[in-house]
Amino acid sequence: MIIKPCEIPIKARLLEALLCRLPVAHPKRPVLESELGKCMAGYRGEQSIDSVLAVLPEKEYLLFHDLRIPSTPYPFQLDILILSSSFFLILEVKNIAGEIYFDDDFHQLIQTKHDQAQAYDDPILQVNRQRTQLLQWLTPKRAPTIPVETLVVSANSLTIVRAKNKEVTEKVVRRNSLALKINSLAKKHQEDILSKKELKRLTNLLLKAHTPYIPKLLTTYKISATELLTGVQCPNCRALPMKRKWGKWHCQSCSYCSSDAHLAAIRDYALLIKPTVTNRELRDFLRLDSASVAAKWLHSMNLPYTGSTRDRVYHLNWHDFAADWHDYS
Ligand SMILES: [Zn+2]
């Protein structure tokens, strides 16, 4: 049963939003586009695993995609976590094309494609570290001790996987043989350790602890907020800016008309620029003339605020905006 589905990563959504608001000739576009490509390849890789996992008995396995759990000294992120009553399984999904070689001498993954080699961090080390952190996180939760298995999955069925060491070959699985591998793990761990009630409790604890990572793209890529194109974006053709006429937003490129397209722009502001906004800043960003219309929207969003009426600062909650992504686009 899928408890937490595979969704387009927030980082990809933000990269897309940023690219839409950068001028066509902006020098940072190529690096942002390449980062977006990598991010979406990772997402498609994870998505492709769902069809393989669909053959598993639905009632026996609980599936979580992209959990990010705060922990000291740093949070841990699991591509896929599978819970069952007899064992847990962490999957680290790699969607890398060409040929990949697991080099356990130097703990690196080497990709060779079109005669070019590129090194990545060792995903086996990565997933083992995640296992340690998950076990540490579970300890104070007072759950019965349960085996936690780990696997690295190569999601691209055309990728050639190589390794010289048997330990490595047992930890790495190609997508098409993942279900078989899970069945053999189920044979290895037959004893029921967790009750349905206990699994439900851990499910709720994991979902509650999950904290998505919201990258600060402008800081990372050294882009100033003043370089961004302002205005409300057309939800139909993505053109900027829409014009406000008769209480609605009108697209000057495709004539589409919307009454709430400003909500996506406010989300862009909150997630790309900063999590606070004044009436003036909002009007500048939306290219809106009316202070009373901006005040009405800010009021209707029930945002916490500080300051008196004139210089009131509204607090836009990043995580609420990130969680509501689908509602606005
Ligand atoms: Zn349009």
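Our structure's up above, just so we're on the same page.
What this report covers is the structure whose coordinates are included nearby. (Residues numbered from 1 in each chain as written. Predicted model: local features only at pLDDT ≥ 70, side-chain atom pairs only at ≥ 80, totals over all residues. Heavy atoms only, no water.)

Another aspect to go through is the side chain of Gln111. Here Gln111 lies in strand β6 (residues 108-113). Non-local contacts of Gln111, meaning those with residues more than four positions away in its chain, are made with Ile96, Ala97, Glu99, Ile100, Gln116, Ala117, Gln118 and Tyr120. (Helix = DSSP H or I, 4+ residues; strand = E, 2+ residues; numbered from the N terminus. Contact = heavy atoms within 4.5 Å.)

One finds Leu18, Leu32, Ile223, Leu286 and Leu316 to be the most contacted residues of the largest nonpolar core, which totals 45 residues. Contributions of two or more residues to this core are made by α1 (10-20), α2 (29-53), α7 (217-220), α8 (262-273), α9 (279-286) and α10 (291-300). The greatest single-element share of this core, amounting to seven residues, is contributed by α1. Split by domain, the residues of this core number at least three in each of domain 1 (2-209) and domain 2 (230-328). When neighbours within four sequence positions are excluded, Ile223 is seen to be in contact with Leu18, Leu22, His26, Lys28, Leu32, Leu218 and Leu228. If you look at the next biggest cluster of nonpolar residues, it comprises 29 residues, including Leu81, Ile90, Leu109 and Val148. (Core = buried A, V, L, I, M, F, W, Y, C linked by side-chain atoms within 4.5 Å. Buried < 20%, exposed > 50% of the residue type's maximum accessible area, 1.4 Å probe, protein only. Domains from an automatic or database assignment.)

Take the coordination of the zinc ion next. When a metal holds four donors in a tetrahedron, each ideal angle between them is 109.5 degrees; when it holds six in an octahedron, the ideal angles are 90 or 180 degrees. The protein atoms donating to the zinc ion are Cys234 (SG), Cys237 (SG), Cys251 (SG) and Cys254 (SG), with metal-donor distances spanning 2.3 Å. Read from N- to C-terminus, the donor residues coordinating the zinc ion fall into the pattern C-x2-C-x13-C-x2-C. (Donors = N, O, S within 2.8 Å, 3.2 Å for Na, K, Ca; no water.)

Spatially, the three strands line up as an open sheet ordered β14-β16-β15, and their pairing is antiparallel. Only two strands of the sheet have a single neighbouring strand rather than two, namely β14 (276-277) and β15 (305-306). Pairing analysis gives two bridges linking β14 to strand β16 (residues 313-315), with the strands arranged antiparallel. What sits directly across from Val277, in β16, is Tyr314. (Pairing = 2+ DSSP bridges.)

This part takes up the packing of α9 against α10. For any two helices packed against each other, one specifies the inter-axial angle together with the distance between the axes. Relative orientation of the contacting elements α9 and α10 amounts to 105°, with a least axis distance of 10 Å. The angle between the axes of α9 and α10 places the two elements in the roughly perpendicular class. In this structure, α9 uses Asn279, Leu282, Arg283 and Leu286 to contact α10, whose residues at the interface are Ala291, Ala294, Ala295, Trp297 and Leu298. Split by residue class, the contact of α9 with α10 holds seven nonpolar, one polar and one charged. (Axes fitted to C-alpha atoms, helices over the stretch in contact; angles between N-to-C directions. Parallel < 35°, antiparallel > 145°, perpendicular 65-115°, else oblique. Nonpolar A, V, L, I, M, F, W, Y, C, P; charged D, E, K, R; others polar.)

Along the polypeptide, Cys257 turns up in strand β13 (residues 257-258). Residue Cys257 is classed as partly exposed on the basis of its relative accessible area of 33%. Between the C-alpha atom of Cys257 and that of Lys243, which follows or precedes it by 14 residues, the distance is 9.5 Å. In contact with Cys257, not counting residues within four places along its chain, are Lys248, Trp249 and His250.

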